[in-house]
Amino acid sequence: MKKLLLTCAAAALISTGAMAQSTVVTTTGTGHTAAVQIEPEYRTKIRTYVTEHKIRPVESREKIVIGQPVPREVELEAVPADWGPSLTRYRYVYSGERVMLVDPSTRTVVQEID
């Protein structure tokens, strides 16, 4: 119960800060497998960034999927500030035409942006 209350409080704080910056990020779930919801216009901004900066996809023998850790040999990239202040705590990996948001403390993929 205590964990649930802390998660709800953290989500409320993140949402409040995000709304002040016109980015809505909602964290749902508990533990390390929490999903991050990103508004469509920010998804478009992220995809445009990857295209304009000609980000090369990473290569990995293992498939990179939500809820699983990214292999150690894959380098995590810093999230640019223009993706929104609520996302800068994450890192990202571009793999197979998808941007994957990663929790850097666990290397777990928390969201896929296709």
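Let us look at the structure shown here. Everything numeric in this text was worked out from a predicted model, so none of it was measured. (Residues numbered from 1 in each chain as written. Predicted model: local features only at pLDDT ≥ 70, side-chain atom pairs only at ≥ 80, totals over all residues. Heavy atoms only, no water.)

Concerning the nonpolar core
Counting residues in each nonpolar core, the largest one holds 16 residues, and the members touching the most others are Trp83, Leu87, Val99 and Leu101. Elements supplying a minimum of two residues to this core: strand E2 (35–38), helix H2 (40–52), strand E4 (91–95), strand E5 (98–103) and strand E6 (108–113). In terms of residue count, H2 provides more of this core than any other element does, 4 residues in total. The contact partners of Leu101, leaving out residues within four places of it in the chain, are Ile38, Val79, Trp83, Leu87, Tyr90, Arg91, Tyr92, Thr108, Val109, Val110, Gln111 and Ile113. Membership of the second largest hydrophobic core comes to 8 residues, among which are Ile64, Leu76, Val102 and Val109. (Core = buried A, V, L, I, M, F, W, Y, C linked by side-chain atoms within 4.5 Å. Buried < 20%, exposed > 50% of the residue type's maximum accessible area, 1.4 Å probe, protein only. Helix = DSSP H or I, 4+ residues; strand = E, 2+ residues; numbered from the N terminus. Contact = heavy atoms within 4.5 Å.)

A few points about the pairing of E4
Taking burial as the measure, the 5 residues of E4 include 4 buried ones, the bulk of the element. Sheet topology note: the strand E3 (residues 77–78)/E4 ladder contains 2 bridges and is antiparallel. Its bridge partner being in E4, Ala78 is matched across the sheet by Arg91. Bridge count for E4 against E5 is 5 bridges, and the pairing is antiparallel. Looking at E5, one finds that Val93 is bridged to Met100. In this structure, the hairpin formed by E4 and E5 is closed by a connection of 2 residues, where Gly96 is found at a positive phi of approximately 60°. (Pairing = 2+ DSSP bridges.)

Things to note about the environment of Pro104
As for its placement among the helices and strands, Pro104 is situated in the loop between E5 and E6. For the pair Pro104 and Arg91, spaced 13 residues apart in the sequence, the C-alpha separation amounts to 6.1 Å. Look past the residues within four positions of Pro104 in its chain and what remains in contact with it is Leu76, Arg89, Tyr90 and Arg91.

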